Amino acid sequence: MMKPVELTYRKNTVGPTSSHLPPTLFIHGLDSSSHTWRNTLDELESRAVALDMRGCGRSPLGDAKDFCPDAIVNDIYTFLSKHPYFQGTSNGDGSTDANADENEKDDTDIKISDTCNINIESFVLVGHSMGGRIAMSFAAKYPTLIKAIVIEDMDIRQRPMEMNAFQSIEKDRESTISFDRNLNGITNEDSLTELFTKEGYPIDSVSKWLKEGRVVIKDMSTRIDTTRTEGCHPTQDIQSYYYSEVNPAFRLLCYEQFFVTNHGEETWTELSNQSKDGIDFPLHVMVADKDKTVCDEKSIWDMKKIMKGEGGNGTTSCARTGRFMVMHRYKGATHSIHNSASKEFLNDLRTIIRNASLGC
C-alpha cells in the first residue's frame, strides 16, 4: 500500500449539545484548500473538519508518481482514523487533546499525531467541484462510513486535458509537478504574477487569491503564516515572502487521474450499485446557476438515470426505498455555492446533517 500523506486541516469548535449530530468532512476543489470552507466551519453547530488535499494548503504532495484516486482516499481514511472528531471522543468544548495547541490561533498548520486506530464514526461528506469527485471515490470504497454525501457543482462527464483552462498541454509537465509553493522566496507581487502566468493562470486570479488568502504571507525566520490581511504585502523590514495554498501540480494530476478518464461515471455507477448490498445513504447534488455552473446538464441527467430515481427538489424524506438522488439548484450562485449562496447552502446542509442523524 502507498504511504499516506499527512493532511493538514481546519476544524470548528463546538459545544457538547452537538454530540448527537454526525461530524461533517469538507473537501475542496482545484486551486483551493481548506481555506475555502472557513466561513462554513464557523457557522456550523456540529463537528466539522475541512481538509487540505495532498499538495494543497499546507499538505505535502508526496511522490507525484503515487497520485491517484486510491492514494487520495487512503489519505482521507488515515486522517479519519486518527482525528477525535470522528471517534466520538472529542472533549465537551470541541477541543481535541491529540491535535490542539492552546497557543494556536489557526488550525491550518496542525497535523495528525500518531494515535491508535479506533472505529471511525460515520459522517456527512461534502465535496466541492473536484472535491466532489474525491468524495465519490471515498464513498465508493468506504460506503458504510457515510451518513450522506453532498456533491457541490460537479458532474460525472469526462473532461479532456484541453478543457483544463489554466494549463496548456504543451507546457513542461515536470516543471508543473515540481512547483514550489514557497514560491522560490518571491517577495513582490509582480514576480508572483509572472510565476503564475507562466503556469497559464490569468492575472486576475492571482490578485483574487491575494485578497482571499489563498496566497498568504509567511515570515522568513519562523516559516509560519503571519497574516491573511487583505491587501497586505511583504516588506523587507519583516523579511516575509509569499506562500501559495494553490498548487498547479494538483490541478494537472487531478486532470490526469480523474477527468480525462471515465472515473466519474464508473464511480457514480458503483455508488448506485451499492443499493443491491443494502447500503442506502442519500446523495445530494448541488448545482449553481445555469449560467455559472461547471456542470453539464446532460451529465446531470445521466447521474439521475444511473441512480434510477430522484428525491424532492432540495428536500429529503425518511419514507423511501432504494437509492435516490436529491437535486438542489441555486439561482444566482456561482461555482462556489458555499460562498456565493452561503445562507441557502448552510440551510440545506444543516437539514442534511439533521436528517442524517435520524438515519434518513
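Predicted model only: the values in this text are computed from it and were never measured.

A. Quick look at the overall build of the protein. Helix and strand content of the protein: 11 helices and 10 strands. For the protein, buried positions account for 54% of its 360 residues. By sequence separation, contacts in the protein at least 24 residues apart represent 75% of the contacts at least 6 residues apart. Summed over all atoms, the accessible surface of the protein reaches about 15,700 Å², with 47% contributed by carbon and sulfur.

B. Molecular detail of the layout of surface pockets. By volume, the largest pocket is sized at about 770 Å³. Lining the largest pocket are 28 residues; nearest its centre among them are Leu 30, His 128, Arg 214, Arg 251 and His 335. Listed by contribution, the elements that provide at least two residues to the lining of the largest pocket are α1 (38-43), α6 (203-212) and α7 (248-259). Per-element accounting of the lining of the largest pocket gives the leading share, four residues, to α6. Taken together, the residues that form the lining of the largest pocket break down as nine nonpolar, 12 polar and seven charged.

C. Quick peek at the packing of aromatic side chains. Considering all chains together, one arrives at 14 aromatic pairs under this definition. Considering the side-chain rings of Phe 196 and Tyr 201, the 5.8 Å spacing of their centres and the 80° angle between planes classify their relative orientation as edge-to-face. Here Phe 196 matches Tyr 201 in class, with each residue buried. Aromatic side chains Phe 196 and Trp 209 sit 5.2 Å apart centroid to centroid with 75° between the ring planes, which places their arrangement in the edge-to-face category. Placement of the pair is Phe 196 in helix α5 (residues 189-198) and Trp 209 in helix α6, with a sequence separation of 13 residues. Through successive ring pairs, a cluster of aromatic residues spans Tyr 9, Tyr 77, Phe 79, Phe 86, Phe 123, Phe 138 and Tyr 142. Note that Arg 159 overlies the ring of Phe 259, its terminal NZ or CZ placed 5.4 Å from the centroid. Of note, Lys 218 hangs over the ring of Tyr 243, and the distance from its end group to the ring centre comes to 4.3 Å.

D. Representation of the packing of α5 against α6 within the structure. Relative to each other, α5 and α6 sit at 125°, their axes nearing to 9 Å. Our classification of the angle between α5 and α6 gives oblique. Our pair here, α5 against α6, has a crossing hand that is right-handed. Between α5 and α6, the residues in contact are Glu 189, Leu 192, Thr 193, Phe 196 and Thr 197 and Ile 203, Val 206, Trp 209 and Leu 210, respectively.

E. Geometry of the nonpolar core. Grouped together as the largest cluster of nonpolar side chains are 61 residues, with contacts concentrated most on Leu 25, Ile 76 and Trp 268. With near-sequence residues (within four places) excluded, Ile 76 lies in contact with Leu 7, Leu 25, Ile 27, Leu 51, Met 53, Ile 134 and Phe 138. Core analysis: the second largest hydrophobic core is formed by 23 residues, Leu 21, Met 286, Ala 333 and Ala 356 among them.

F. View of the confidence of the model for the protein. Confidence in the prediction of the protein, expressed as mean pLDDT, is 83, and 79% of residues score 70 or more. Overall, residues 224-238 carries pLDDT values under 50, and its contacts beyond four positions in sequence, including any with other chains, amount to 35 contacts.

G. Local environment of the environment of Arg 10. Inspection of the secondary structure assignment puts Arg 10 in strand β1 (residues 9-11). Residue classification places Arg 10 among the buried positions, given a relative accessible area of 10%. The sequence separation of Arg 10 and Leu 41 amounts to 31 residues, and the corresponding C-alpha distance is 8.3 Å.

H. Spatial organisation of the pairing of strand β9 (residues 283-287). Taking burial as the measure, the five residues of β9 include five buried ones, the bulk of the element. Burial along β9 is two-sided: Leu 283, Val 285 and Val 287 facing one way and His 284 and Met 286 facing the other are all buried. Bridge analysis of strand β5 (residues 146-152) against β9 gives four bridges, and the strand direction is parallel. Opposite Ile 149, over in β9, you have Leu 283 as the bridge partner.

I. Spotlight on the pattern of salt bridges. On inspection of all chains with the given rule, the structure shows 17 salt bridges. A salt bridge links Glu 212 to Arg 214; the shortest N-O distance between them is 2.8 Å. Glu 212 gets classed as partly exposed once you look at its relative accessible area, which sits at 28%. In this structure, a network of salt bridges that share partners links the residues Arg 133, Asp 155, Arg 157 and Arg 159.

J. Seen up close, the sheet that holds β5. One open sheet holds the seven strands; their spatial order is β1-β3-β2-β4-β5-β9-β10, and the pairing between them is mixed. Strands with a single pairing partner mark the edges of an open sheet, and in this sheet they are β1 and β10 (325-329). Direction aside, neighbouring strands of the sheet carry axes that sit 20° apart on average. Strand contacts of helix α3 (residues 130-141): β2 (24-27), β4 (123-128) and β5, with the helix running at about 145° to β4, the strand carrying the most contacts.

Cut-off values and rules
- Residues numbered from 1 in each chain as written.
- Predicted model: local features only at pLDDT ≥ 70, side-chain atom pairs only at ≥ 80, totals over all residues.
- Heavy atoms only, no water.
- Helix = DSSP H or I, 4+ residues; strand = E, 2+ residues; numbered from the N terminus.
- Buried < 20%, exposed > 50% of the residue type's maximum accessible area, 1.4 Å probe, protein only.
- Contact = heavy atoms within 4.5 Å.
- Areas by Shrake-Rupley, 256 points an atom, 1.4 Å probe, with all protein chains shown as cover.
- 1 Å grid on protein atoms, 1.4 Å probe; cavity = no way out; pocket = protein on both sides within 12 Å on 5 of 7 lines; lining within 4 Å.
- Points joined across faces, edges and corners; volume = space filled by probe spheres on them.
- Nonpolar A, V, L, I, M, F, W, Y, C, P; charged D, E, K, R; others polar.
- Phe/Tyr/Trp six-rings, centres within 6.5 Å; stacked < 30°, edge-to-face > 60°.
- Lys NZ or Arg CZ within 6 Å of the ring centre and 35° of its normal.
- Axes fitted to C-alpha atoms, helices over the stretch in contact; angles between N-to-C directions.
- Parallel < 35°, antiparallel > 145°, perpendicular 65-115°, else oblique.
- Left-handed = near helix turned anticlockwise from the far one by under 90°.
- Core = buried A, V, L, I, M, F, W, Y, C linked by side-chain atoms within 4.5 Å.
- pLDDT = per-residue confidence, 0-100.
- Pairing = 2+ DSSP bridges.
- Salt bridge = Lys/Arg side-chain N within 4 Å of Asp/Glu carboxyl O.

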